[in-house]
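Report on the structure
Here is how the chains run, residue by residue.
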Amino acid sequence: MKRTNPLQRKPLPKAYLTDLENRVFEALAIEPQRTKSRSLRHYKYQWTIAASLFICIGSYFFFENSKNQTELIEIESAQIADYLTSDYEANIFIEQQLGILEDPFSIENNVYDLDHESVINYLTEESPSYWINQLEENEK
Amino acid sequence: MTEIELTALLKNPQTKTRGFTILFDLYKERLYYHIRSIVANHEATDDVLQNTFIKIYRHIDGFEGKSQLFTWMYRIATNEALNYLKIEAKHQQGTIDSVREKRVLQMEAHSYFDLSEVEKKLQKALDQLPHRQALVFSLHFEQKLKLKEIAIILETSLGNVKALHHLAQKKLKKILRQL
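Residues numbered from 1 in each chain as written. Chains lettered and ligands numbered in written order. Predicted model: local features only at pLDDT ≥ 70, side-chain atom pairs only at ≥ 80, totals over all residues. Heavy atoms only, no water.

Let's talk about the packing of aromatic side chains
Between two aromatic rings, the relevant description is the distance of the centres plus the angle of the planes. Just so we agree on the cut-off: Whether two aromatic rings pair depends on their centres lying within 6.5 Å, for rings of Phe, Tyr and Trp, where Trp uses its six-membered ring; planes under 30 degrees apart make the pair stacked, over 60 edge-to-face, and the rest tilted. Strands are runs of DSSP state E lasting at least 2 residues, helices are runs of H or I lasting at least 4, and numbering of each runs from the N terminus. Note on exposure labels: buried denotes an accessible area under 20% of the residue type's maximum, exposed denotes more than 50%, and partly exposed covers the range between, all computed with a 1.4 Å probe on protein chains only.
On inspection of all chains with the given rule, the structure shows 11 aromatic pairs over all chains. When the centroid spacing of 5.6 Å and the interplanar angle of 70 degrees are considered together, the rings of tyrosine 16 of chain A and tyrosine 32 of chain B count as edge-to-face. Taken together, the positions of tyrosine 16 of chain A in helix α1 (residues 14-28) and tyrosine 32 of chain B in helix α2 (residues 16-39) put the pair across two chains. Like tyrosine 32 of chain B, tyrosine 16 of chain A is buried. For the ring pair tyrosine 60 of chain A and phenylalanine 61 of chain A, a centre distance of 5.4 Å and an interplane angle of 70 degrees mean the geometry is edge-to-face. Ring pairs connect the aromatic residues Phe25 of chain A together with Phe20, Phe24, Phe53 and Tyr57 of chain B, which therefore count as one cluster.

And the structure:
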C-alpha cells in the first residue's frame, strides 16, 4: 500500500482559487487569458497515429532502399565474376602463349604476337556467344 | 512550457497577460502554502498572496534572469510575508516569533479548509519553530526546493541554510513527540 506523505498538501478549494483569481486580476485591471486546452488523451491519440505513420513510411523506404542495394550488389558481383573470368581466361591464354614461346618447337613453327587483339580474339572465339552470333550471321 | 518561454511571454507586452495567467495557474497553490507556513493564518496568507501576485505582475520587467523565475517569485512572497509579520509585530509590540506563537494558539480550521489531524499537528509544530527555521523546513519538505535554491530565495549562504534546516529538524522531532 502506498504511503501518503503527510507533508503533501491537499489541493486548495476551487471556490477559493476562483475568488483569489478574480481579486488579483481585478486589481491589475486585466482579464485572464487561457488557451484552449486539450485532454492528454487527445494528444496521446494523435501522437500514436503520427508515430505509426512514420514507422510505416520509414519502413517502406528502408526496405525499398535495401532491395536496391541488394540488386546493385548482385549486379556488381556478376560483373566482377565476368571480369575475373575474362581476366582468368586471358591469363591462361597468355601463359599458354608464353609456354609455346618457350617451347623451341613452337617458336620454330609458330609465331605468336601477344597483342591485345590476340587476347580479345581468343576470348571472343572461346566465348559460346561468339559462335552463336557467327551461326546467326551465316544464316542471314 | 519552460521557464525561459514563460519569461519571454511575460516580458512581451502583447503576451504579458497570457503569460501571467499561466504563471498564476502554475504557482497559486505552491505560493499559498509557502506564505501560510510563514504567517500561520489563512486571512493573512490570502492578503499576502494577493499582494505577491500583484507585485510579480508589476515588477516582471525588472526580472533580469540572473536567478530562476520561481526563485525570484518565492523571494517576493517570502519578503511580503515577513513584512506582514513585522508590521503585526510592531502593532503588538512584540517580535515576529511572538506573533506566530499567538497564531498557533488561535489556529482553527477555516471554513474553506478541512485540515487533517496530521496537517494540524504539523502546522502547530512548524508554528512553534523560529520563523527562519520554519521557512527553510517548509521550503525544503513542502515545496521540494533544494537547499541551494532556498539560500538564493532567503539571500543567505548555503551553510546558513543547512544549519537552519538541521536545527528545524531537531526541534520538530521534539515538538511532535510532545503533541
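As for the environment of phenylalanine 25 of chain A
This is how it is decided: The criterion used for residue contact is that any of the two residues' heavy atoms lie within 4.5 Å.
Turning to its location among the elements, phenylalanine 25 of chain A is positioned in helix α1. Beyond its immediate sequence surroundings of up to four residues, phenylalanine 25 of chain A is in contact with Ile30, Glu31 and Pro32 of chain A together with Phe20, Thr21 and Phe24 of chain B.

Some points on the nonpolar core
Residue and element names in this part refer to chain B. Note the following rule: Nonpolar core, defined: a set of buried Ala, Val, Leu, Ile, Met, Phe, Trp, Tyr and Cys residues in which side-chain atoms within 4.5 Å join the residues together.
Membership of the largest hydrophobic core comes to 53 residues, with the highest contact counts inside it found for Phe20, Leu23, Leu31, Phe53 and Leu69. Dropping the residues within four chain positions of it, leucine 31 is found in contact with Leu49, Thr52, Phe53, Ile56, Met73, Tyr74 and Ala77. One finds Leu122, Leu126, Phe137 and Ile175 within the second-largest nonpolar core, a separate group that totals 9 residues.

A closer look at the pattern of salt bridges
We count it as follows: We define a salt bridge as a contact between a side-chain nitrogen of Lys or Arg and a carboxyl oxygen of Asp or Glu at a distance within 4 Å.
Evaluation of the coordinates by the stated rule reveals 8 salt bridges over all chains. Between arginine 23 of chain A and aspartate 19 of chain A there is a salt bridge, with its nearest N and O atoms 3.2 Å apart. In this pair, arginine 23 of chain A and aspartate 19 of chain A both sit in helix α1, 4 residues apart, roughly one turn of the helix. Among the salt bridges present, the one from lysine 66 of chain B reaches glutamate 64 of chain B, with a minimum N-O distance of 3.1 Å. Neither residue differs from the other here; lysine 66 of chain B and glutamate 64 of chain B are each classed as exposed. What emerges from the salt-bridge pattern is a single network uniting Glu21 and Arg34 of chain A together with Asp25 and Lys28 of chain B.

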